[in-house]
Amino acid sequence: MKVLQFTIPVPHDKSVIADQFSLPYFYPYLHRHKETQITWIQQGEGTLIAGNNMHHFAPGDVFLLGANLPHLFKSNPEYFENETEDAISALSIFFNTEGILTALFDLPEMRGYKLFIQQHQQGFKIPADDAEYILTNMTSLRDASGADQLMQFMKLLKGLSGINQQLQPLSSYGNLPGITENEGIRIGNIYNYIIQNYAEAITLEDVAKAAFMTSESFCRYFKKHTGNTFITFLNEVRINEACKMLTGNKSDSIAAVAYRCGFKSITNFNRVFRSVTQSSPREYLENYNGKIN
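### Examining the overall build of the protein chain
Then step 1. Within the protein chain one finds 12 helices and 10 strands.
Then step 2. Long-range pairs, those at least 24 residues apart, make up 73% of the contacts in the protein chain between residues at least 6 apart in sequence.
Then step 3. For the protein chain, the exposed surface amounts to about 14,900 Å²; the carbon and sulfur share of it is 50%.

### Digging into the packing of aromatic side chains
Then step 1. Going through the model one piece at a time under the given rule, you end up with 16 aromatic pairs.
Then step 2. In textbook terms, an aromatic cluster arises when at least three aromatic residues are bridged by ring pairs, as seen for F21, F26, F57, F63 and F73.
Then step 3. Lying across the ring of F263, R238 places its NZ or CZ 5.7 Å from the centre.

### Quick word on helix α9 (residues 230–248)
Then step 1. Spanning 19 residues, α9 covers 27 Å between terminal C-alpha atoms, matching the ideal 27 Å at 1.5 Å per step.
Then step 2. The buried count for α9 comes to 16 of 19 residues, which makes it a mostly enclosed element.

### Concerning the pattern of salt bridges
Then step 1. What the rule picks out here adds up to five salt bridges.
Then step 2. D61 is paired through a salt bridge with K125; the nearest N and O atoms lie 3.2 Å apart. Here D61, found in the loop between β6 (53–57) and β7 (62–65), pairs with K125, found in strand β10 (residues 124–125); they are 64 residues apart in sequence, far enough to count as distant.
Then step 3. By relative accessible area, D61 is classed as buried at 13%.

### Comments concerning the sheet that holds β10
Then step 1. Read from one edge of the open sheet, five strands run β2-β9-β4-β7-β10, paired in antiparallel fashion. The open sheet has two free edges, formed respectively by β2 (17–23) and β10, since each of these has just one partner strand.
Then step 2. Pairing of β7 with β10 involves two bridges; the strand directions are antiparallel. Within β10, the residue paired with L64 across the bridge is F124.
Then step 3. Its contacts with the sheet put helix α5 (residues 147–161) on β4 (36–43), β7, β9 (88–95) and β10, and the angle it makes with β9 is roughly 95 degrees.

### A few points about the confidence of the model for the protein chain
Then step 1. Per-residue pLDDT for the protein chain averages 86, and the proportion of residues at 70 or more is 89%.
Then step 2. The secondary-structure element of the protein chain with the lowest mean pLDDT is strand β1 (residues 4–6), recorded at 49, while β7 shows the highest, at 97.

### Structural notes on the state of the cysteines
Then step 1. Evaluated as defined, the whole model comprises zero disulfides.
Then step 2. With no disulfide of its own, C243 has C261 as its nearest cysteine by sulfur position, at a separation of 8.8 Å.
Then step 3. For C243, a relative accessible area of 10% translates into the label buried.

### Some words on the pairing of β6
Then step 1. As paired elements, strand β5 (residues 46–50) and β6 share five bridges and run antiparallel to each other. By the bridge assignment for β6, L48 is matched with H55.
Then step 2. Hairpin connection between β5 and β6: a loop of two residues separates the two successive antiparallel strands, and G51 in this loop has a positive phi of roughly 60 degrees.

### Section: the packing of α9 against helix α11 (residues 266–277)
Then step 1. Between α9 and α11, whose axes approach to 10 Å, the crossing angle comes to 95 degrees. As judged from the angle between their axes, α9 and α11 are roughly perpendicular. In this structure, α9 uses N235, I239, A242, C243 and L246 to contact α11, whose residues at the interface are F269, V272, F273, V276 and T277.

Conventions and cut-offs
Each chain carries its own residue numbering, running from 1 in the direction its sequence is written. A pLDDT threshold of at least 70 governs which residues receive local features in this predicted model, and a stricter bar of 80 or more applies before side-chain atom pairs are shown or counted, although totals over entire chains, interfaces and linings include all residues. Each side-chain value is worked out from all heavy atoms of the structure, with water and hydrogens disregarded. Strands here are runs of E lasting at least two residues and helices are runs of H or I lasting at least four, both read from the DSSP assignment and numbered beginning at the N terminus. Only heavy atoms enter the contact rule, under which two residues are in contact if any of them lie within 4.5 Å. With residues, only the protein chains shown are counted as cover, and all accessible areas are computed by Shrake-Rupley using a 1.4 Å probe. Stacked, edge-to-face and tilted labels apply to pairs of Phe, Tyr and Trp rings (six-membered ring for Trp) whose centres lie within 6.5 Å, assigned for plane angles under 30 degrees, over 60, and everything in between, in that order. We call a charge positioned over a ring when the NZ of a Lys or the CZ of an Arg lies within 6 Å of the ring centre and within 35 degrees of the ring normal. By this rule, a helix spans an expected 1.5 Å times one less than how many residues it contains. Here's how the labels work: a residue is buried when its accessible area is under 20% of the maximum for its type, exposed when over 50%, partly exposed in between, all with a 1.4 Å probe on protein chains only. One side-chain nitrogen of Lys or Arg within 4 Å of one carboxyl oxygen of Asp or Glu is enough to make a salt bridge. Pairing between strands is defined by DSSP: at least two bridges between the two strands are required. Here the axes come from fitting lines to C-alpha atoms, over the contacting stretch only for helices, and the angles between their N-to-C directions go from 0 to 180 degrees. The predictor attaches a confidence to each residue, and that confidence, scored 0 to 100, is pLDDT. When two cysteine sulfur atoms lie within 2.5 Å, the pair is treated as a disulfide. In these notes the angle categories are as follows: under 35 degrees is roughly parallel, over 145 is roughly antiparallel, 65 to 115 is roughly perpendicular, and the rest is oblique.

If you want it as structure tokens, here you go:
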């Protein structure tokens, strides 16, 4: 897995791209592109990797991803095992404030929207209270053509910049150094190795070897390019998977989930779970059940 630099193909008669797609699973490679991306998950579940952080995604979620933010919507393993046609679906809007739309965003009246996009390069998840309005605008943009599509795009920008809630960035390390393609390959391989082996007893030596580095060099490199230590990232992967297991499989006990996610001690699992989610596993479940009921 590597960070692929994409160029989103822009038709000659469009300045904003609306991509509605249905596939067996989401595109399985870490990638980035110059366009800002807004994605509405309509069907499918998994993990969004954005910069140096990860987030669970499910139907109804909407994410804004800043330009050149490395990201990956990683479908859950069952989607790759079954490869059912149209198992996932999503609508993505792509636009480049420094491409064909430069002149538009340089207008005095557009400076507020341009500043909003620049301030959220690390991306964010659309709050649930604002999602319905944003989804309506995304759908209208998808179904429009010609100048009407550009007008719907303006409404979408207005809706995004009008969100009054505090927006938490998807990637918490805002000053990541520039990632070359070779570095992207190495970081992608590290991410992939951890995600594929989180349930096992992964050691620092194991992951350093997978990256073809010494343990000391790996520690410095990983911290520099992700803002996380290896242990911090591994724990976040494990707790992210634990959250999905706790809410998706009612037959598993908390202890069973802890073991399946690579924790050998329920005490350590509870401690790490609280440090990542600010709640205990039981409190997390009670809060989740309260929301869906």
